[in-house]
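# Commentary on secondary and tertiary structure
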Amino acid sequence: MNVKSEFVDALASVLKGNLPNDTIKSLIEKPKSEEHGDLAFPCFQLARTWKTAPPYIAVEVASKLQSPMIEKVKAVGPYVNVFLKKELVSENVLKEVVEKGSHYGHHSAGQGKNAVFDFSSPNIAKPFSMGHLRSTIIGQSLANLAEKNGYQPVRVNHLGDWGTQFGKLMSAYTRWGFEEEVQQAPIPSLMRYYVRFHEEADNDPSLLDEGRAWFKKLEEGDSKATELWTWFKEESLKEFEKVYQLLGITFDYVQGESFYNDKMEAVVAELGKKGLLTVSEGAHVVKVGEEKPPCLIKKTDGTTLYATRDLAAAIYRQQTFNFSKCIYVVGAEQQLHFQQIVHVLAQMGYSWAKEMVHVPFGLILKNGKKMSTRKGKIVLLEDVLTDAITRASSNIAEKNPSLTAKEEVAKDVGVGAVIFHDLKNERMNSVEFNLKHMLTFEGETGPYVQYTHARAMSILRKAESYNGEVRGLGDEASWIVIKELMNFPEVTKRAWENYEPSVMAKYLLALSSAFNKYYGKVKILNSDAELSSRLILTKAVVIVLKEGLRLLGMKAPNRM
Ligand code: ARG
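Here's a quick rundown of the structure. (Residues numbered from 1 in each chain as written. Predicted model: local features only at pLDDT ≥ 70, side-chain atom pairs only at ≥ 80, totals over all residues. Heavy atoms only, no water.)

### A look at the site of the ligand
Basically, it comes down to this: Residues are classed as near a molecule or strand on a simple rule: at least one heavy atom within 4 Å of it. Polar contact is defined as a pair of N or O atoms within 3.5 Å, subject to the rule that within protein one atom must be able to donate a hydrogen and the other to accept it, and that residues adjacent in sequence are counted only when both atoms are side-chain atoms. Calculation of accessible area relied on Shrake-Rupley with a 1.4 Å probe; when residues are assessed, cover is drawn exclusively from the protein chains displayed. Lys, Arg, Asp and Glu make up the charged group, whereas Ala, Val, Leu, Ile, Met, Phe, Trp, Tyr, Cys and Pro make up the nonpolar group; the residues left over, Gly among them, are polar.
In the vicinity of the ligand, the contacting residues are Asp-118, Ser-121, Asn-123, His-132, His-158, Tyr-306, Asp-310, Tyr-328, Val-330, Gln-334 and Phe-338. One of the backbone nitrogen or oxygen atoms of Ser-121 is found 2.9 Å away from a nitrogen atom of the ligand. In isolation the ligand has 350 Å² of accessible area, and contact with the protein removes 90% of it. For the shell around the ligand, the residue count by class is four nonpolar, five polar and two charged.

Structure, rendered in structure tokens:
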């Protein structure tokens, strides 16, 4: 029995087709305060068909509403407020969570459908930036949420491994580079050459031509250029891999921009054939309406662009994965780029272009300013994560020195702190980066949620045995926890539909806080008739916290 659908059915039989069930469901709210009830139904929408004021409708509906789950109905102004039968409902909820285990909250909306996630996608020969960190963390979580909603996620790393900048880098390397330097510290060294290139090009613009020439050679398959490029790429990937390992991220495909080299000519030809290409100042472009700048397809010298590769990638993905959604987790500054891509594909006649979604996000700030990886001011992400782990580790040494598997726990907590700190914010908001803050066990942090999970686990360990019999719990303290547990399926759905992992992160904070209050008020391990039910409740909290954390891309250590 699902509590909310029971309520929907009960309302539907009173409303007799005045509102479709889906609408009823979407209208149901949580009353403003606990004393007002457990669920509320606003009657504003009915006013037009019933030609009566909402408060009268509320009284009418309240008088007729019936369900075995409902204890009491009250009309309060335009709302029908319902008090549920705590014992009956809690018994049902607990049974459902424990029976389904980690499957609880699963939906089948995406059954049989593929969803491509284009995320992380750092640029080789450059540091893994804070922006790429956000894309990685948000993308990973969205792919998990998609899976929870029945989709088959396809995780793609669209590595930035092609483009004129690599011509510049080759020119810089052949002028000032040393093999040993690159081997020792690949990314900082390559960055240095690249920065120097731009500095020197300010005085000597002919360098830019040299850079362009190198890239042209690369696009034509020149062996020296290819060799250098391959080397830069391999060294960069080794560095990125360290970050992915720490974050526990894997991709189904690492298909960088270069993967589309042999697929672009066909796209350019198709654009030509469909009459969409125009020549503008020597370059080939596709017009994108009156307001927006045209989409650049080919430069004057015949080399291709970022957009050309994205067009080829989208077409390739549709052909290969037959996606029902293709989601790009990329910073908000690329909004125009994705609008152009979608527009061009739509003009090409591809109806699936509307299933491409750009999921943007805000910046990471340090003391209110954008945390920059450019201009030589490098923050290596690997260092940030290791720093978080070290701090988590000294936290543990202080609070729980006898803990076993300390290192693993420190890693789960340190990395989890960074992930949670990002995901608890609505993704369009900027995130202030503050390691110390992230790692505290109090307040709205990852460690707080993980700690709640570990605390619940330790209660279960202490319980010698329990017979597993579930009887409903009727007290106020457990009711708050039960109501949170009841919300989980809706949260998995909403977080996915809004592409908003923060919905899940905030939920986990609410559930943690409810359980911690419960823990403070009730002696869970007291041996009385309800012991078993309380332990089942604790177990249900463990299940949901662990699954919720997993959906965010975090671990739930059993001890902390
Ligand atoms: N490498 C790009 C950047 O760092 C992000 C790529 C995003 N994905 C895409 N298909 N364009 O800006």
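There's more to say after this.
### So, the pairing of strand 7 (residues 277-280)
Rules: Think of it this way: DSSP has to see at least two bridges between two strands before they count as a pair. Helix and strand definitions here come from DSSP, where helices need a minimum of 4 consecutive H or I residues and strands a minimum of 2 consecutive E residues; each element is numbered from the N-terminal end.
Examined bridge by bridge, strand 7 and strand 8 (residues 283-286) share four bridges and lie antiparallel to one another. Bridge pairing in strand 8 places Val-279 opposite His-284.

### Observations regarding the state of the cysteines
The condition that has to hold: Pairs of cysteine sulfur atoms within 2.5 Å are identified as disulfides in what follows. When a residue's accessible area, from a 1.4 Å probe over protein chains only, is under 20% of the maximum for its type it is buried; when over 50% it is exposed; and in between it is partly exposed.
Counted according to the given criterion, the structure contains zero disulfides. Considering cysteine sulfurs only, Cys-295 is the nearest to Cys-326, which forms no disulfide, with 16 Å between them. Relative accessible area serves as the criterion here: at 0%, Cys-326 is assigned to the buried category.

### Focus: the side chain of Ser-67
Heads up, the condition is: For this analysis, residues touch if any pair of their heavy atoms sits within 4.5 Å.
Secondary-structure assignment places Ser-67 in the loop between helix 4 (54-64) and strand 2 (70-76). Ser-67 has contacts with Glu-6 and Ala-10, leaving out every residue within four places of it along the chain.

### Concerning the sheet that holds strand 2
Here is the rule we go by: Helix axes are fitted only over the stretch in contact, all axes being lines through C-alpha atoms; the angle between N-to-C directions runs from 0 to 180 degrees.
Across the sheet, which stays open at both edges, the three strands sit in the order 1-3-2 with antiparallel pairing between neighbours. Either end of the sheet is taken by a strand with one partner, and the two such strands are strand 1 (39-42) and strand 2. For this sheet the average axis-to-axis angle between neighbouring strands, irrespective of direction, equals 20°. As judged from the four bridges shared by strand 1 and strand 3 (residues 79-84), these two strands associate in the antiparallel manner. Its bridge partner being in strand 3, Phe-41 is matched across the sheet by Val-80. Docked against the sheet, helix 4 engages strand 2 and strand 3, running at close to 165° with respect to strand 2.

### What about the pairing of strand 3?
Counting buried residues along strand 3, five of its six residues qualify, which places the element largely inside the surrounding structure. Pairing of strand 2 with strand 3 involves six bridges; the strand directions are antiparallel. Looking at strand 3, one finds that Lys-74 is bridged to Asn-81. The loop that links strand 2 with its antiparallel partner strand 3 comprises two residues; one of these, Gly-77, has a positive phi angle of about 55°.

### Some words on the side chain of Ser-502
Inspection of the secondary structure assignment puts Ser-502 in helix 20 (residues 501-521). In this structure the side chain of Ser-502 is engaged in a polar contact, spanning 3.0 Å, whose partner is the side chain of Glu-500. Excluding its chain neighbours within four sequence positions, the residues that come into contact with Ser-502 are Leu-423, Lys-424, Asn-425 and Glu-426.

### A closer look at the sheet that holds strand 13 (residues 369-370)
As summarised here, the arrangement of the three strands in space is 13-12-14, forming an open sheet in which the pairing is mixed. Single-partner strands in this sheet number two, and they are strand 13 and strand 14 (431-432). As paired strands, strand 12 (residues 364-366) and strand 13 are joined by two bridges and run antiparallel to one another. Bridging across to strand 13, Lys-366 finds its partner in Lys-369.

### A word on the nonpolar core
Here is a general trend for soluble globular proteins: nonpolar side chains tend to be buried in one another's company. Quick note on the threshold: Residues belong to a common nonpolar core when they are buried Ala, Val, Leu, Ile, Met, Phe, Trp, Tyr or Cys residues joined through side-chain atoms within 4.5 Å.
Ranked by internal contacts, the top residues of the largest apolar core, which has 156 residues, are Phe-41 and Met-504. Top contributing element to this core by residue count: helix 21 (residues 531-552), with 13 residues. Ignoring anything within four residues of it in the chain, the contact list for Met-504 reads Leu-145, Phe-488, Val-491, Thr-492, Ala-495, Gly-548, Leu-551 and Leu-552.

### Side note on the packing of aromatic side chains
Condition: For this analysis, a ring pair means two rings from Phe, Tyr or Trp (six-membered ring only for Trp) whose centres lie within 6.5 Å, classed as stacked if their planes differ by under 30 degrees, edge-to-face if by over 60, and tilted for the remaining angles. Two limits define a charge over a ring: the Lys NZ or Arg CZ must be within 6 Å of the ring centre, and within 35 degrees of the ring normal.
Here the structure, examined in full by the defined rule, presents 25 aromatic pairs. Judged by centre distance (5.9 Å) and plane angle (70°), the ring pair of Tyr-260 and Tyr-316 falls under edge-to-face. In this pair, Tyr-260 sits in the loop between strand 6 (253-254) and helix 12 (264-273) while Tyr-316 sits in helix 13 (residues 306-321), placing the two residues 56 residues apart along the sequence. When its relative accessible area of 0% is taken as the criterion, Tyr-260 is described as buried. For the pair Trp-496 and Tyr-499, a centre-to-centre distance of 5.3 Å together with 85° between the ring planes defines the contact as edge-to-face. Classification of Trp-496 by relative accessible area gives buried; the value is 4%. Directly above the aromatic system of Phe-83 lies the positively charged group of Lys-72, at a separation of 4.3 Å from the ring centroid. Taking NZ or CZ as reference, Lys-274 lies 4.8 Å from the ring centre of Tyr-350, over its face.

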